[in-house]
Amino acid sequence: MTDSTMTVAVDWTSEQGAARRRRRHAADRRLRAYGIGAISLAIGLLAILIITLAATGYKAFVQTMVEVDFTISADLVKADDIPAGNFRAVVANAMSKLFPEVEGRETRELKQILTNNTRFIVRDAVIADPSVIGGTMTLRVPASDPFDQLNKREISRDLPEDQRRVNDRQITWFDKLDAEGRISTPFNWGLFFNADSRFPELAGLAGAIVGSFYALLVCFLISFPVGIAAAVYLEEFAPKNRLTDLIEVNINNLAAVPSVVFGLLGLAVFLNFFGLPRSAPLVGGMVLALMTLPTIIIVTRAALKSVPPSIREAALGMGASKHQTITHHVLPLALPGILTGTIIGLAQALGETAPLLLIGMNAFITSPPGGLMEASTALPTQVFIWADSPERGFVARTSAGILVLLGFLIVMNAIAIFLRQRLERTW
Amino acid sequence: MNDTAMSALATEATNPQTVRTPDEHPTNFKIGANDVSVFYGNKQALFDVSIDIPERAVTAFIGPSGCGKSTFLRCFNRMNDTIDIARVTGRIEIDGREINESDIDVVELRARVGMVFQKPNPFPKSIFENVAYGPRIHGIASSKSELDDIVISSLERAGLASEVKDRLAEPGTGLSGGQQQRLCIARAIAVNPEVILMDEPCSALDPIATARIEELIDELRQNYTIVIVTHSMQQAARVSQRTAMFHLGYLVEEGPTDQMFTNPREKRTQDYITGRFG
């Protein structure tokens, strides 16, 4: 340090100095304002999305039901062979009893009030309780989609008759049923417990939820151990050379590969080469595992890196082997980070649509899969199928499906946050 | 520790070592280093260092930052193996047995040569688990009660028992800095090592905690061969019997501590001790 630097006179009270300080404070405030603006924009857009979805989707969470008394006469349904019973006639008789004045061709229009599958609903109810044969049974069956929409005010009564799917006669009958207190709109459990259907009033997410669960299970079982093993090797054992660098670059690139490419790979390798079944959650899970692996490897490596070297040195200095150092000390400390990253990776996989479309998980399947090899849909592909369907009732169900998917994502992220706070240890 | 391995090593420990300083008459040397060089990649950090470390005494390594004293210390339990780019040449013998040879198991070596680090680094586990870890992984204790005894006696020898014996289940990371460092010493002596390496054990501690650790080192030297790296020349003077001075990767001078501080042979030693550089 020389004398000349000591003699520079600094006038802290000068006008220029004050102006410079004002500019610096203004810059601080601007930076803060940009941040607040960005966050407000993000939250605002998210709010618009959720509100739009909720506005169209909430109607799918209730379902118009019609209470009908079915007379199960022994002539139509034989106790020793219930499935062969003439339930079509049972339904027709029940409706005729409610509206004795309706005759001829109009009875078909009358029956359209109830869902097309009413006879199967009645059949299943009789099979469940054969003692009703010879007596009557009161059931609440879903109204068909046009009447569901009518009841939910989605179809306007003010439209000219030829422009709506329900005619004036049908509206009169429906109103009569309503006046008798036979119409109700309870919570739509069918949305969660029914599988897909051609008829919106019966379509539910059960198949998709089970399919997504199986696919995620396979995805987790493959990607978690493989990802951790790969990350531990790369972080703790691999020599630092060109080959390791190459592998590292490639893993980072894989994380950025569009998911549809993984779908093509799954189609070519798992379906065409190995001949695994199409549309199966097993294959879906394997494709999602390929997609999730790079994410898990990257977060696991980051978590391992964040374990302080002093802990490794302490263990090695005690004479712990590398294996003991990793399993006793490094992995437990890295676990919160690994789990958080894994769950976020799985949440990403849960919402992934494109690869599942390519391996056929967008098929129309009317029962939940019984196992990993059975054809199934998944939540995002179910939303995709519904979004493509023309029936009015699927509009609300598409939004409801998205809301259910978002609900699962929120639950998974909440678990990730909970685990991180629960397991995180300080050192 | 593995008894058969120990006796095998002990039978080989017969060669009497040459005494390098004529005015000192230690009976036994525990560690002998010959022409030890350490390279980090292409950069050489340590140049042909030869030194003998006496048994059951404290040897201090002093020198300015970056002089290679810590690097040299870490050669004695092969901690430099954990650094990918580090390469060690030359011979280091403990009890006459070359430790860099391929038939030496580094796990056993590190059990025999314990280490205490600059920053207290207890495991984020309970106090008990911290001390019990070494005996556990080396299978020293045959029963739970024996393990308890080892933990308690190690804590006693580290002068920590009275402070923590009622809260052994509490996390070791919750102790104060000085207590944490004594916990690390207890952890190191729980496997009954022959040598304890200390890499600036007091540099993160306040003067009172430092004084406690120094007392402890003085007690421990009855049973262990101790090598301590320190920045503080006063500390070297207080705790050690022998001192080695390093500069820029070279061993400048080594000898009995009192002689080093009162009558150094090398000008660089004198300059460093009197504070002219460092």
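Residues numbered from 1 in each chain as written. Chains lettered and ligands numbered in written order. Predicted model: local features only at pLDDT ≥ 70, side-chain atom pairs only at ≥ 80, totals over all residues. Heavy atoms only, no water.

**What about the overall build of chain A?**
- Per the secondary structure count, chain A includes 17 helices and three strands.
- By the compact-globule yardstick of 22 Å for 427 residues, chain A is too spread out, its C-alpha radius of gyration being 31 Å.
- If you line up chain A on its principal axes, its C-alpha atoms span 115 × 65 × 40 Å.
- Counting every position in chain A, which comprises 427 residues, the buried fraction comes to 44%.
- Across chain A, contacts joining residues at least 24 apart in sequence account for 75% of those joining residues at least 6 apart.
- As displayed, chain A has an accessible area near 22500 Å², and 62% of this comes from carbon and sulfur atoms.
- Once the 39 positive and 37 negative side-chain charges of chain A are each reduced to a mean point, those two points are 8 Å apart. (Helix = DSSP H or I, 4+ residues; strand = E, 2+ residues; numbered from the N terminus. Rg over C-alpha atoms; globule rule 2.2 N^0.38 Å. Buried < 20%, exposed > 50% of the residue type's maximum accessible area, 1.4 Å probe, protein only. Contact = heavy atoms within 4.5 Å. Areas by Shrake-Rupley, 256 points an atom, 1.4 Å probe, with all protein chains shown as cover. Lys, Arg positive; Asp, Glu negative; His and termini not counted. Charge placed at Lys NZ, Arg CZ, Asp CG, Glu CD.)

**Concerning the overall build of chain B**
- Regarding its fold elements, chain B presents eleven helices and ten strands.
- Each of the 278 residues in chain B was classed as buried or not, and the buried ones make up 56%.
- When contacts within chain B are restricted to residue pairs at least 6 apart in sequence, those whose partners lie at least 24 apart make up 66%.
- On chain B, roughly 11900 Å² of surface is accessible, and the fraction owed to carbon and sulfur atoms is 48%.

**Considering the domain arrangement of chain A**
Residues and elements named next belong to chain A.
- Assigned domains within chain A: domain 1 (2–59), domain 2 (63–186) and domain 3 (206–423).
- The C-alpha centroid of domain 3 is placed 46 Å from the C-alpha centroid of domain 2.
- On the domain 3 side, the residues contacting the four residues of domain 2 number four residues.
- Of the roughly 340 Å² buried at the junction of domain 2 and domain 3 (both faces included), carbon and sulfur atoms supply 35%.
- When the buried surface of domain 2 facing domain 3 is broken down by residue, D145, Q149 and E154 rank first, second and third, together holding 69% of it.
- The tally of links between domain 2 and domain 3 comes to one salt bridge.
- For the salt bridge of E154 with R392, the shortest nitrogen-to-oxygen distance reads 2.7 Å. (Domains from an automatic or database assignment. Buried area = accessible area lost by both parts, 1.4 Å probe. Salt bridge = Lys/Arg side-chain N within 4 Å of Asp/Glu carboxyl O.)

**Quick word on the side chain of Q324 of chain A**
- Mapping Q324 of chain A onto the fold places it in helix α14 (residues 322–350).
- Its relative accessible area of 18% is what places Q324 of chain A among the buried residues.
- In contact with Q324 of chain A, not counting residues within four places along its chain, are G319 and H329 of chain A together with Y133 and I137 of chain B.

**Some thoughts on the sheet that holds strand β1 (residues 65–71) of chain A**
Residue and element names in this part refer to chain A.
- A sheet is described by the order of its strands in space; here three strands give the open sequence β2-β1-β3, paired in antiparallel fashion. At either margin of the open sheet sits one strand with a lone partner, and together these are β2 (136–142) and β3 (183–184).
- Where β1 meets β3, two bridges bridge the pair, whose relative direction is antiparallel. Note on β3: the bridge partner recorded for M65 is S184. (Pairing = 2+ DSSP bridges.)

**Considerations on unusual backbone geometry**
Residues and elements named next belong to chain B.
- Phi at D95 is positive, roughly 55°, even though this residue is not glycine.
- Examined against the element boundaries, D95 turns out to sit in the loop between β4 (86–94) and β5 (97–98).
- We note that L248 has phi near 55°; this positive angle belongs to a residue other than glycine.
- One can find L248 in the loop between β9 (242–247) and β10 (250–256).
- Residue L248 is classed as exposed on the basis of its relative accessible area of 57%.

**A short note on the packing of aromatic side chains**
- This model, assessed by the stated rule, comprises 18 aromatic pairs over all chains.
- Seen from their ring centres, F72 of chain B and F246 of chain B are 5.6 Å apart, and the 50° between their planes marks the pair as tilted. Placement of the pair is F72 of chain B in helix α2 (residues 69–73) and F246 of chain B in strand β9, with a sequence separation of 174 residues.
- Site record: aromatic cluster; members linked through ring pairs are F61, F187, W189, F192 and F193 of chain A. (Phe/Tyr/Trp six-rings, centres within 6.5 Å; stacked < 30°, edge-to-face > 60°.)

**Let's talk about the interface of chain A and chain B**
- Listed as interface residues are 19 residues of chain A and, on the opposing side, 24 residues of chain B.
- Taken together, both faces of the contact between chain A and chain B bury some 1700 Å²; the carbon and sulfur share is 62%.
- On the chain A side of the interface with chain B, the three residues burying the most area are E313, M318 and H329 of chain A, jointly 34% of the side's total.
- Our count for the chain A to chain B interface comes out at one salt bridge.
- Counting every contact that joins chain A to chain B gives six residue pairs in polar contact (both at pLDDT 80 or more).
- Mapped by element, the contributors of at least two residues to the side of chain A that touches chain B are α13 (309–317) and α14 of chain A.
- The element that contributes the greatest number of residues to the side of chain A that touches chain B is α13 of chain A, accounting for seven residues.
- Across the side of chain A that touches chain B, the residue classes break down as eight nonpolar, eight polar and three charged. (Polar contact = N/O pair within 3.5 Å; in protein donor to acceptor, adjacent residues only side chain to side chain. Nonpolar A, V, L, I, M, F, W, Y, C, P; charged D, E, K, R; others polar.)

**Points about the sheet that holds β10 of chain B**
Residues and elements named next belong to chain B.
- An order of β6-β7-β8-β3-β9-β10 is seen for the six strands of this open sheet, with the pairing classed as mixed. The open sheet terminates on both sides in strands that have one partner only, identified here as β6 (113–116) and β10. Neighbour-to-neighbour, the strand axes of the sheet open up by a mean angle of 15°, direction not taken into account.
- Across four bridges, strand β3 (residues 58–62) lies against β9 in parallel orientation. Directly across from F61, in β9, lies its bridge partner A244.
- Of the strands in this sheet, β6 and β7 (195–199) touch helix α7 (residues 177–189), which is tilted by about 170° from β6. (Axes fitted to C-alpha atoms, helices over the stretch in contact; angles between N-to-C directions.)

**Remarks on the confidence of the model for chain B**
Residue and element names in this part refer to chain B.
- Confidence in the prediction of chain B, expressed as mean pLDDT, is 86, and 90% of residues score 70 or more.
- When the elements of chain B are averaged for pLDDT, helix α1 (residues 3–12) gives the smallest value, 43, and strand β8 (residues 225–229) the largest, 95.
- Confidence over residues 1–25 falls short of pLDDT 50; this stretch has 41 contacts with residues more than four positions distant or in other chains.
- Here the predicted complex scores 0.83 on pTM and 0.84 on ipTM. (pLDDT = per-residue confidence, 0-100.)

**A word on the environment of G172 of chain B**
- Residue position: G172 of chain B is located in the loop between α6 (161–164) and α7.
- Placed eleven residues apart in sequence, G172 of chain B and L183 of chain B show a C-alpha to C-alpha distance of 7.6 Å.

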